[in-house]
Each structure stands twice: as structure tokens, then as C-alpha cells.
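# Report on the structure
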Amino acid sequence: MRPLEDGMKFDTIIKNGQIVTATDTQASDIGITSGKVAAIANSLPQEGAGKVIDAAGRMVIPGGIDVHTHLDMPFGGTTSADDFESGTIAAAHGGTTTLIDFAIQYKGQSLRQAFDTWMKKADGKAAIDYAFHCIITDLGTAQLEEMGALVREGVSSFKLFMAYPGVFMLDDATIFRAMSQAAKYGGLICMHAENGGAIDVLVQRALAEGKRSPKYHALTRPTTAEGEATGRAIALAEMAGAPVYIVHMSCNDALEKVREARDRGLAVYAETCPQYLFLSIENMDVPGFEGAKYVFTPPLREKWHQEKLWQGLARDTLQVVSTDHCPFCFKEQKELGKDDFTKIPNGGPGIEHRLSLVYTGGIHGGRFSPNRFVQMVATAPAKLFGLYPRKGTIAVGSDADLVVWDPNAEEVISAERHHMKVDYSMFEGIKVKGVPKTVLSRGRAVVENGKFVGKAGRGEFLKRQTFVRL
Ligand SMILES: [Zn+2]
């Protein structure tokens, strides 16, 4: 807190709220000027303020940061159902004000081509701020050289795959080269850790035996495959002297590898997603083709893994909750795999409900504090991905990306009410407690009392800083 200058006027004041950051909880007002937090004080003068938001009885938290989304993404002959307009609007409804999506480099392309393509997809559409990781699928000498240039332009993280042979998968030598190069330029490697070779054999075997229903997507991707690849990714990063971030962790096998590496002091980080915290393979035991709604990768696991992941979040083995939002409609899109689970587009919708789900399970479930909640949905993502302190906290000088959060309001998640452009919800019928009431992006309201009041195209591309150890 700093003393208030005389005659200070604000565009907006949020009054009477309980400010909750990753480190502190304090009852204070927030004054906003030119899209930034300009003052935090016990009582700010309302005279001359353009707008006053009363947050009595509510928390004020930093806007959520979702570091794993796939908007407008081609996959298996179709495209994810949310583009940068509908996807960012749905995100805002859930209290997320920044997302990091993935620009995909296809074989033969430069990394620059990938970046340019995704910049065009977002331009004029995004309602909240956004950034990109670059997915590398083809890493020759030219692309290796390009990694440094991309980091300098604010694309400071790269995603690699150890799964999907022939499409995305890279061999260990290539992964090792990429990690070494990332370490040199201050980039962070995000890893999809599953043993794609073994999985492919299991998939072929299942198909040969006539096992074609959605559940076989999960049954052909064992937890051992995720555990093995996670361990291998960590070993490669250790040899390269590079940090590594494991994406969408789904099971205890992988969690144990990360815990062990962190115990040894390695710069190893990991995220999980609400689907792995709230759903299990039992959700796929539904009649007909319905299980396709839960076809994503890694797949749903046996129920006992959920509590292990919650514990991982509470103990900082896992630092981040993202969504891996990659929505495909059940009708026509998921149905592409009606007779063959390998043809079902992989992905599920989640961008809208991350904060409410984690708050419900974490705080009302008695697993961690509201500060820890803010840490994993906003602050740690900002710090790990070069957006801090502009994003991810509430401090003088930070962007006024703020959420007025009602910790006791309840809602039942349903496809009938959600804002994602997809015809089902993975979390249908789950009751959450803790929902956003007002959401500000750079000082302007984007959501008020459940209504979108922002503007498509107002979101800005964020140039991210190089990696700093958390
Ligand atoms: Zn993903």
C-alpha cells in the first residue's frame, strides 16, 4: 500500500471488497485509472470516479489466467467449436481474463508461419488478452534457430509432444535439442507426456479385436504411459539444464515423477485440469456413443487419482490448473468417430468453469486456502509464463484484470446456460459454490451479473518475458 496522492481521481473504484492475492487477504478499496490498478487503500474518495462497484461481502481476486486452450484449432478433419470470440467471451464469464493458446507449426513450416496464422485467428475477435505458446512438430536447423527470435517476440514457451506418432510426436533427440535451445534463450518447454509408441500399438491391437467404442480411447492410454513419458521428459530436461512444464497431468504415476524431481530441486512444474479433478473413467460407462463426450488426452482415470491430484495442488507438486479447453460438439463433430474411437476428435470444453470448479473443490472441499486458489489459477501461471506482475496479482501498476467473486453463490453447471459454443457440458449437473459477479479486463467491465458487456476485438496480444524460476 502507498499513501494516496492529493486529489487523486479514478475511472473506477471497487469498494468494500476483501482483496485476495496469492499472498495476502485484506479489506481494501481499489482505484483504477487507465486500465491499471492506481491505488489500494482502506477508503478511497468516490468523488469524481466514473464508476463505483460495491463489492461488500465479496472477494476481489486477480483475473484468472488459463495457460492451456485450443481455440479455432483444426483436429482430425474438423475444427474446435469455439473461436477466439466465443472462447474468450466464455472464459470471461468464468472469471478468466487472460489465456495462452497454442500456435501449431505443421511439418515443413517455419515457427513464424505458425505464429502469424494464430495471430490472425485472434485478431479482432478476442474479448480478453491473449498470448501464444508455439507447438513444434518439425524441428530442423532453421526452426532451431528461430526459437530465439520467437522468444524475443514474446512467444517464450514451446509445446512438444511425446504422443501422436506421425502427427505431433518428436523423438528424444529432437526433444533434447529443443530443450537445450529453450534453456539458451530463456524459453520454457511444455510437454505432452505420454508414450505415443506403446499407445499406438495398444490402439492397433484394440481395433484388430473389434474394440471400437469411446471407452477404448481411455483403455488404450494407460497411466503407465503417462508416468513413463513424464519421467523421461524430466530426465531430458535435467540433461539439457532446462526447466520443463508438464501439461494436463491426469494421474498419480506422473505426479510421483514430478514430486521426486522437485524434491531433488529441479525446475520441474506441472498443471492439471478440472476434468481430472472432477471426472473419472466411470463417466464413460454411459449408453451408446455418449462416452465420446469424455474423449480427450490424457484420458479419464480411475477415481482414486482425483484425490492424489488435489493433494498435489495443495502441496505444490502441481502449480497450475488450466483447462485444455478444446471443444467439439457431440453432434457432427464427436460423431465423426461413431464407428471408431480413433476418429473421435480429442478434446473437451472447460474454459468457462475452471475457477468455480477449483474454488468449490479446493475451498469448500477444505483442501486449501483462497490464497492458494488464486496462486494456482492466476499468479503461478503469470509467473511461469512471463506475464507477472502485469498479470496475475492485484498491485499498484498491474493491469486492472479483476474479478469480484461471490464465494457463496451457487450455480449448477449446464450446457443450457453456458456460453461455450458446444452442445454439451462435461460437468453437466455439478453444483459449484463460488462464482464471478463482475469481471474487469484492463479496467473495463467485460461481465456484469452474468451478462457479457465487453467487446470482441478488445483483447490485446501479450508479449511475454523470458522464463524465471518460480
Ligand atoms: Zn492441449
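Look above for the structure.
First, a word on scope: everything that follows refers to the structure included in this document. (Residues numbered from 1 in each chain as written. Predicted model: local features only at pLDDT ≥ 70, side-chain atom pairs only at ≥ 80, totals over all residues. Heavy atoms only, no water.)

### With respect to the overall build of the protein chain
Spelled out, the test is: Elements are defined by DSSP. Helices are runs of H or I of four residues or more, strands are runs of E of two residues or more, and each kind is numbered from the N terminus. In this description the radius of gyration comes from C-alpha coordinates, and the expected globular size is given by 2.2 Å times residues to the power 0.38. Exposure classes here rest on a 1.4 Å probe applied to the protein chains alone. A residue is buried below 20% of its type maximum, exposed above 50%, and partly exposed in between. Contact criterion: two residues are considered in contact whenever any of their non-hydrogen atoms come within 4.5 Å of each other. Each accessible area value is a Shrake-Rupley result obtained with a 1.4 Å probe; residue values ignore everything except the protein chains displayed when judging cover. His is not counted, nor are the chain ends, whereas Lys and Arg count as positive and Asp and Glu as negative. Every charge is mapped to an atom, namely NZ of Lys, CZ of Arg, CG of Asp or CD of Glu.
A tally of helices and strands in the protein chain yields 12 helices and 19 strands. Relative to a compact globule of 470 residues, whose C-alpha radius of gyration would be 23 Å, the protein chain shows 21 Å and is just as compact. Here the C-alpha coordinates of the protein chain stretch approximately 75 × 50 × 40 Å along the principal axes. Counting over 470 residues, the protein chain shows a buried share of 61%. Pairs at least 24 apart in sequence give 77% of the contacts found in the protein chain among residues at least 6 apart. Per element, the accessible surface of the protein chain, about 17100 Å² overall, is 48% carbon and sulfur. Distance between charge centroids for the protein chain: 1 Å, based on 53 positive and 55 negative side chains.

### Side note on unusual backbone geometry
Residue Pro 298 is reached from Thr 297 by a cis peptide bond, and omega for that bond is -10°. Locating Pro 298 in the fold gives a position in the loop between α9 (274-278) and α10 (304-314). Geometrically, the link from Tyr 388 to Pro 389 is a cis peptide bond, its omega value of 5° lying close to zero. The residue His 248 is not glycine, and still its phi comes out positive at about 30°. Relative to the assigned elements, His 248 resides in the loop between β13 (244-246) and α8 (252-263). Assessed through its relative accessible area of 2%, His 248 is described here as buried. Backbone geometry at Asn 449 places phi at a positive 45°, although glycine is not the residue there. Note that Asn 449 resides in the loop between β18 (444-448) and β19 (451-452).

### As for helix α4 (residues 172-185)
An α-helix turns once every 3.6 residues. As a result, residues three or four positions apart point the same way. Applicable threshold: Here the expected span of a helix is defined as 1.5 Å times the quantity of residues minus one. Here a polar contact is taken to be a pair of N or O atoms separated by no more than 3.5 Å, where protein atoms must pair a possible hydrogen donor with a possible acceptor and residues adjacent in sequence count only if both atoms sit in side chains.
Spanning 14 residues, α4 covers 20 Å between terminal C-alpha atoms, matching the ideal 20 Å at 1.5 Å per step. On the buried face of α4, the contacting elements are α3 (141-152), β11 (157-161), β12 (188-192), α7 (223-240) and β13. Regarding α4, its N-cap is Asp 171, as a side-chain oxygen of that residue lies 3.2 Å from the backbone nitrogen of Ala 173 further along. Just beyond α4, the residue with positive phi is Gly 186, at close to 80°.

### Some details on the coordination of the zinc ion
We count it as follows: Because water is not among the atoms used, a metal site may look incomplete, as its donors are only the N, O and S atoms within 2.8 Å, or 3.2 Å for Na, K and Ca.
With distances of 2.1 to 2.2 Å, the protein atoms coordinating the zinc ion are His 68 (NE2), His 70 (NE2) and Asp 324 (OD). Of note, the zinc ion draws all its donor residues from one chain, in the sequence arrangement H-x1-H-x253-D. You can see His 68 sitting in strand β6 (residues 64-69) and its partner Asp 324 sitting in the loop between β15 (320-321) and α11 (354-364), a full 256 residues away along the chain. Given a relative accessible area of 0%, His 68 falls into the buried group. Overall, the relative accessible area of 10% leaves Asp 324 in the buried class.

### Let's talk about the nonpolar core
A general tendency of soluble globular proteins is for nonpolar side chains to be buried together. Operational definition: What is meant by a nonpolar core is a set of buried Ala, Val, Leu, Ile, Met, Phe, Trp, Tyr and Cys residues, joined one to another through side-chain atoms within 4.5 Å.
Membership of the largest hydrophobic core comes to 121 residues, with the highest contact counts inside it found for Met 147, Met 179, Met 191 and Phe 373. Of the residues forming this core, the biggest block, seven residues, is contributed by α7. Counting residues in each nonpolar core, the second largest holds 18 residues, with Val 67, Ala 267, Tyr 269 and Leu 462 among its members.

### Quick notes on the environment of Glu 307
When you line up the elements, Glu 307 lands in helix α10. When the C-alpha atoms of Glu 307 and Cys 251 are compared, they prove to be 9.9 Å apart, with 56 residues separating the residues in sequence.

### Focus: the sheet that holds strand β10 (residues 129-135)
Applied cut-off: Pairs of strands are assigned from DSSP output, requiring at least two bridges between the strands. Note on method: axes are straight lines fitted to C-alpha atoms, helices fitted across the in-contact stretch only, with angles between N-to-C directions ranging 0 to 180 degrees.
Here we have eight strands laid out as an open sheet, ordered β6-β9-β10-β11-β12-β13-β14-β15, and parallel in their pairing. Edge strands, defined here as strands with exactly one partner in the open sheet, are β6 and β15. As paired strands, β11 and β12 are joined by five bridges and run parallel to one another. By the bridge assignment for β12, Leu 160 is matched with Met 191. Set on the sheet, helix α1 (residues 84-93) makes contact with β9 (96-104) and β10; between it and β9 the angle comes to about 145°.

### Re the packing of aromatic side chains
Quick note on the threshold: Only Phe, Tyr and Trp rings take part, Trp by its six-membered ring, and two of them pair if their centres are within 6.5 Å. Stacked means planes under 30 degrees apart, edge-to-face means over 60, and tilted covers everything else.
Applying the stated criterion to the full structure yields 20 aromatic pairs. Ring centres of Phe 84 and Phe 132 lie 6.0 Å apart, and the angle between their planes is 65°; on these two criteria the pair is classed as edge-to-face. Placement of the pair is Phe 84 in helix α1 and Phe 132 in strand β10, with a sequence separation of 48 residues. Classification of Phe 84 as buried rests on a relative accessible area of 0%. The class for Phe 132 is buried, based on a relative accessible area of 0%.

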